[in-house]
Amino acid sequence: MVFSKALVLALFLAMNMALPTIATVYTVGDTSGWATGGDYSTWASGKNFVVGDSLVFNYGSGHTVDEVKESDYKSCSIGNSISTDSSGATTIPLKTSGTHYFICSVPGHCSSGMKLAVTVKDGKSSSSSSTTPSSSSSSGKGSPPSSTTATPKANASSSVSRVTPIVVLIVSLISYCVLNMV
């Protein structure tokens, strides 16, 4: 009996070590989506973007999602996109740490505020991330490209909860205690 309880505890601990943090899916602009008139710096402020998360851009015809270098983001220059999509539902997996820049390449849209900069932290980092406002200055180096894939429109929820390994450990310990009571 003691051996089986120890085995169950060891199994729960092994699962805890193997379980990565579940990624968050952020719907850009929440229910408003990717549209002119949005304040994407405010939308992104306070969100913690980490490698493995995804950005979902939902938008109507007449818009694009272009990942660009910092210089093109600041000047709203079009034509030098790292990636572009105009499907109406674009998912950008955040595969690398650093600042990622997005604009709508339709003339006048970026300069009207249809631009987003997010700073992505390493998935193993516990520090929070920040957004890069339109007027920020930095080294001028863009981040490596991330792939763009079109997906069906996601629900309007801005994120899905993260389940961390520490939560699994706590659940495992509670389960172990319950097994000891039986």
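Let me sum up the structure you'll find in this document. (Residues numbered from 1 in each chain as written. Predicted model: local features only at pLDDT ≥ 70, side-chain atom pairs only at ≥ 80, totals over all residues. Heavy atoms only, no water.)

## Quick look at the packing of aromatic side chains
Applying the stated criterion across every chain yields a total of 7 aromatic pairs. Note on Tyr26 and Trp43: the rings are 6.5 Å apart at their centroids and 90 degrees apart in plane angle, and the pair reads as edge-to-face. Of this pair, Tyr26 sits in strand S1 (residues 25-27) while Trp43 sits in helix H2 (residues 40-44), placing them 17 residues apart in sequence. The burial state of Tyr26 is the same as that of Trp43; both residues are buried. (Phe/Tyr/Trp six-rings, centres within 6.5 Å; stacked < 30°, edge-to-face > 60°. Helix = DSSP H or I, 4+ residues; strand = E, 2+ residues; numbered from the N terminus. Buried < 20%, exposed > 50% of the residue type's maximum accessible area, 1.4 Å probe, protein only.)

## Description of the sheet that holds strand S5 (residues 83-85)
Judged by pairing direction, the sheet is mixed, and its 5 strands sit side by side in the order S2-S8-S7-S4-S5 without closing on themselves. Every interior strand has two partners, whereas the edge strands, strand S2 (49-50) and S5, have only one. Bridge count between strand S4 (residues 65-68) and S5: 3 bridges; the pairing is antiparallel. Residue pairing in the sheet places Asp66 in a bridge with Thr84 of S5. (Pairing = 2+ DSSP bridges.)

## Side note on the state of the cysteines
In this structure the tally under the stated criterion is 1 disulfide. Each disulfide pairs two cysteine sulfurs, and for Cys76 the partner residue is Cys110, the sulfurs being separated by 2.1 Å. Between Cys76 and Cys110, the S-S dihedral sits near -70 degrees, and the bridge is therefore left-handed. Of this pair, Cys76 sits in the loop between helix H3 (70-75) and S5 while Cys110 sits in the loop between strand S7 (98-103) and strand S8 (115-121); the two residues are 34 residues apart in sequence, bridging distant segments of the chain. Of the residues examined, Cys110 reaches a relative accessible area of 3% and is grouped as buried. Left unpaired, Cys104 is separated from the closest cysteine sulfur, that of Cys110, by 8.3 Å. Using a relative accessible area of 1% as the deciding quantity, one classes Cys104 as buried. (Disulfide = S-S within 2.5 Å.)

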